[in-house]
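Structural characterization, general
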Amino acid sequence: MTFNPTRRQVLVGGASIATIVAFGGVHPAVANEDRTKIAVRVEKDLSNLDPANRSGPVDLNVIWSVQQGLISFKPGSTEWELDAAEELEQVSDTEIRFKLRSGLAFTGGYGDLTAEDVKFSFERFIKPDSEGKPVTYAKDWSALDRVEVTGPLEGRIILKNPAPALYTIALADGSGRILSKKAFEALGEKAIATKLIGSGPYVLKEWTPREQFVLEINPDYKGAIKPHFLQIVGKPIGEQKTAEIAFQSGEIDFTAIDPESGKALAELPDASVTQIPAIDYVWFGPNIEKAPFDDIRVRQALRYAVDIDAILQGAYSGIYPRANSLLAPSLLGYWKDAPVHARDLEKAQALLAEAGHADGFKTKLTIEANARYEAIAQIIQANLAEVGIEVEIEALESAAYWALGENDASKDLELSLIKYNGKFDPGFQTQWFTSAQVGQWNWQRWKSADFDALHEKGGVTVDPAEREKIYIEAQKLLDESAAFIWITHNLNAFASRKWLKPGVLPNGNNWLYTAFTEATA
């Protein structure tokens, strides 16, 4: 048997980025010189291509390129532009009228895109599925009352209440993609999770699980958003360092990277590195239903005992921004005057003594297993040891970790380290901390009727200035609870060929394949 190693395998065999740079980087002949197609790295394989039940950004980025919405995000922006809709009008706080472009057709011979398809696609989110359960992203359309079809290409979206987040959370996002009603009924609910029928700029030409997927230009596409590349190949590569090596080898033209690798990669002759401040939220905190964390003095002691700046230096190389509240600086509702809780061991020890724990106690910190989170956990462990709290670190594989959001599994947690992806509306972020999320994604199991009310009020308040005040007040309640110790909003970094301009959205987690173009300078 002959073994023909790929260039990536050769490089993995011992070369660091710095070593490759020192020896002259990747020879230009190896990199992709065919400018009609690109290869991109995705962090994991495709999983579920049903817009209502997608698993995350990797699925969504492909869905966006194949299926149209009434509107879509503009490249690099949280603003939107018309897509399948020729006209869209906010008639009142609870009514949106739309008119579709004529001549849009679904692939696979499933006919023209009509207002009936819009009605079917959006109302799926407010009806139980074939098993009687709500779809995964049902909350995105919780304000929807109905869609009325007023003509083959025209209709009215009727809301139960004002919903200012609807444009960014649903209409322009994955939950606003338009399915073919005819294809859904012919193929069935399970089949559309793997077979992508759309009317958009690309078609999913091939999907070989664990190897690659291939997007190709839809020859029958008649929309307004024009893609640049004829073919886009997505390659699932889980490990960040392996992806960086794949970029070195010329196997891929674009990948997310560790920001710490940016300087070395930028020195490669055909590489360009970009950084985007993220809107994620990384924090750790206790389960406040369990003693001794049901005592706010113990929670305050934790916050005084842990050195967030040391975490940012030790686990994030000092280049990630510190978070002091839930919402990132670029979002409506950012609390710029949020308190910066500095480390104070004397106050931490005094609070523990006052709470009857002068000699400390034992506890367990649960994290998702990866090098960065393990580094954070070790710093927290060392910090808390200085006030007598002995921490056992429990590192779970990804599937086991995220299963804590099901069947009330979080009730047994003590301390947990968590990272959630952000979206462009503050209401998306605040929803996970409501009382209704206890047993699902509110792992601190913190309940506040006042916070719940502010979350609801923010969701129906149209005036941006008023919404901003509401979300700042909500964050003050999170801070007063001392149940959430914020670490960072994260930092996204990407490496691409110099001739390639990536179509990354401002959250850094999503990108538009239709917006990838050749760089002009």
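In the annotation of an unreviewed UniProt entry, the protein is listed under the name Peptide/nickel transport system substrate-binding protein and assigned to Pararhizobium capsulatum DSM 1112. The annotation that UniProt attaches to the protein under Subcellular location (unreviewed entry) is "Periplasm".

Our next topic: the layout of surface pockets. Computed from the structure, the second largest pocket encloses a volume of approximately 520 Å³. Contributing to the lining of the second largest pocket are 31 residues, with Ser-330, Leu-331, Leu-332, Phe-424 and Pro-426 lying nearest its centre. When contributions to the lining of the second largest pocket are tallied by element, the ones reaching two or more residues are helix 5 (166–171) and helix 16 (464–481). For the lining of the second largest pocket, a count of residues per class yields 19 nonpolar, eight polar and four charged.

Further remarks concern the sheet that holds strand 5 (residues 95–100). If you walk across this open sheet you meet the four strands as 4-5-7-6, and the pairing is antiparallel. Looking at which strands have only one partner, the edges of the open sheet turn out to be strand 4 (85–92) and strand 6 (144–151). Taken over all neighbouring pairs, the strand axes of this sheet differ in orientation by 20° on average, direction set aside. As defined by bridge partners, strand 4 adjoins strand 5 across six bridges and the pair is classed as antiparallel. Opposite Glu-87, over in strand 5, you have Lys-99 as the bridge partner. Sheet strands touched by helix 4 (residues 115–123): strand 5, strand 6 and strand 7 (154–159). Its angle to strand 6, the strand with the most contacts, is close to 175°.

Okay, empty space enclosed by the protein next. Tallied over the entire structure, the rule returns three cavities of 30 Å³ or more. The computed volume of the largest cavity comes to approximately 100 Å³. Together, Arg-303, Ile-308, Arg-322, Ala-323, Asn-324, Pro-339, Val-340, His-341, Asp-479, Phe-484, Ile-485 and Trp-486 line the largest cavity. Tallied by class, the residues present in the lining of the largest cavity amount to seven nonpolar, two polar and three charged. Of the voids in this model, the second largest cavity is the one considered here, and its volume is about 70 Å³. The wall of the second largest cavity is formed by Gln-67, Leu-179, Ser-180, Ala-183, Phe-184, Ile-192, Lys-195, Leu-196 and Ile-197. Class assignment of the residues belonging to the lining of the second largest cavity gives a composition of six nonpolar, two polar and one charged.

On to the pattern of salt bridges, then. Throughout the structure, instances matching the rule amount to 34 salt bridges. A salt bridge links Glu-79 to Lys-74; the shortest N-O distance between them is 3.7 Å. By relative accessible area, which is 48% here, Glu-79 ends up partly exposed. Using a relative accessible area of 32% as the deciding quantity, one classes Lys-74 as partly exposed.

Summed over all chains, the structure comprises 33 aromatic pairs. With 6.1 Å between their ring centres and 85° between their planes, Trp-64 and Phe-73 make a pair best called edge-to-face. The pair Trp-64 / Phe-73 is uniform in exposure class, with both members buried. Seen in terms of ring centroids, Trp-402 and Trp-441 are 6.2 Å apart; in terms of plane orientation they differ by 55°. Their pairing is tilted. Taken together, the residues span a long stretch of sequence, with Trp-402 in helix 13 (residues 398–402) and Trp-441 in the loop between helix 14 (426–430) and helix 15 (449–460) at a distance of 39 residues. In this structure Trp-441 comes out as partly exposed when scored by relative accessible area, which is 25%. Over the ring of Tyr-137 we find Arg-54, and its NZ or CZ is 3.6 Å from the ring centre. Of note, Arg-497 hangs over the ring of Phe-247, and the distance from its end group to the ring centre comes to 3.9 Å.

The subject of this paragraph is the sheet that holds strand 15 (residues 389–396). Spatial ordering of the open sheet is given by 15-14-16-13-17, a layout of five strands whose pairing is mixed. Every interior strand has two partners, whereas the edge strands, strand 15 and strand 17 (485–488), have only one. Each adjacent strand pair in this sheet contributes to an overall mean axis angle of 25°, direction not counted. Here strand 13 (residues 281–286) pairs with strand 16 (residues 415–420) via six bridges, running antiparallel. Bridge pairing in strand 16 links Gly-285 to Ser-416. Lying over the sheet, helix 10 (residues 308–316) contacts strand 13 and strand 17, oriented at roughly 35° with respect to strand 17.

Moving on: the pairing of strand 10 (residues 231–236). Buried residues dominate strand 10, accounting for six of its six residues. Of the strand pairs in this sheet, strand 1 (residues 37–42) and strand 10 are connected by six bridges, and their pairing is parallel. The residue of strand 10 that forms the bridge with Lys-37 is Gln-231. Across four bridges, the pairing between strand 9 (residues 212–217) and strand 10 is antiparallel.

Judged by how many residues are buried, strand 13 sits mostly within the fold: six of six residues are covered. With three bridges joining them, strand 13 and strand 17 adopt antiparallel strand pairing. Bridging from a neighbouring strand, Val-282 pairs with Thr-488 of strand 17.

In this section: the environment of Leu-512. Within the secondary structure layout, Leu-512 lies in the loop between strand 19 (500–501) and strand 20 (517–518). In this structure Leu-512 comes out as buried when scored by relative accessible area, which is 7%. Counting along the chain gives 436 residues from Leu-512 to Gly-76, while the straight-line C-alpha distance between them is 8.7 Å.

Before going further, it helps to spend a moment on helix 11 (residues 345–354). Among all positions in helix 11, only Ala-348, Leu-351 and Leu-352 are buried. Relative to the axis of helix 11, the buried residues are bounded by an arc of 100° and lie together on one face. Relative to its buried face, helix 11 has exposed residues pointing more than 90 degrees away, namely Glu-346 and Glu-354. Packing partners of the buried residues in helix 11 comprise helix 9 (296–305), strand 14 (361–368) and strand 15. The N-cap residue of helix 11 is Asp-344: its side-chain oxygen and the backbone nitrogen of Glu-346 are 3.2 Å apart. Phi for Gly-356, located one or two positions after helix 11, is positive at around 85°.

Conventions and cut-offs
- Counting restarts for each chain: residues are numbered from 1 in the order of the written sequence.
- With the structure being a predicted model, the display of local features is reserved for residues of pLDDT at least 70 and the display and counting of side-chain atom pairs for 80 or more, all residues being used for whole-chain, interface and lining totals.
- For side-chain calculations, the full set of non-hydrogen atoms in the structure is used, while hydrogens and water are omitted.
- UniProt positions are given in the numbering used here, feature names are shortened, and annotations may be inferred rather than shown by experiment.
- Cavities and pockets are found on a 1 Å grid laid over the protein atoms alone: a cavity is a set of points where a 1.4 Å probe fits but cannot escape, a pocket is an open set with protein on both sides within 12 Å along at least five of seven lines, and a lining residue has an atom within 4 Å of such a point.
- Grid points are joined across faces, edges and corners, and a volume is the space filled by probe spheres set on the points.
- The helix and strand labels rest on DSSP assignments: H or I over at least four residues marks a helix, E over at least two residues marks a strand, and numbering proceeds from the N terminus.
- Put simply, Ala, Val, Leu, Ile, Met, Phe, Trp, Tyr, Cys and Pro go in the nonpolar bin, Asp, Glu, Lys and Arg in the charged bin, and everything else, Gly too, in the polar bin.
- Should DSSP find at least two bridges between two strands, the strands are taken to pair.
- Here an axis means a line fitted to C-alpha atoms, over the contact stretch when the element is a helix, while the angle between two N-to-C directions is reported on a 0 to 180 degree scale.
- Contacts are residue-level and defined by heavy atoms, with any inter-residue pair within 4.5 Å sufficient.
- Put simply, a salt bridge is a Lys or Arg side-chain nitrogen that is within 4 Å of an Asp or Glu carboxyl oxygen.
- Under the scheme applied here, a residue whose accessible area is under 20% of the maximum for its type counts as buried, over 50% as exposed, and between as partly exposed, the area being computed with a 1.4 Å probe on protein chains only.
- Ring pairs are drawn from Phe, Tyr and Trp, using the six-membered ring of Trp, whenever the two centres fall within 6.5 Å, and their geometry is named by plane angle: stacked under 30 degrees, edge-to-face over 60, tilted for the rest.
- In this scheme, the term charge over a ring applies when either NZ of a lysine or CZ of an arginine sits within 6 Å of the ring centre and within 35 degrees of the ring normal.
- In this context, the arc is that of the directions from the helix axis out to the C-beta atoms.
- Any pair of N or O atoms that falls within 3.5 Å is considered a polar contact. Within protein, one atom must be able to donate a hydrogen and the other to accept it, and sequence-neighbouring residues count only if both atoms are side-chain atoms.

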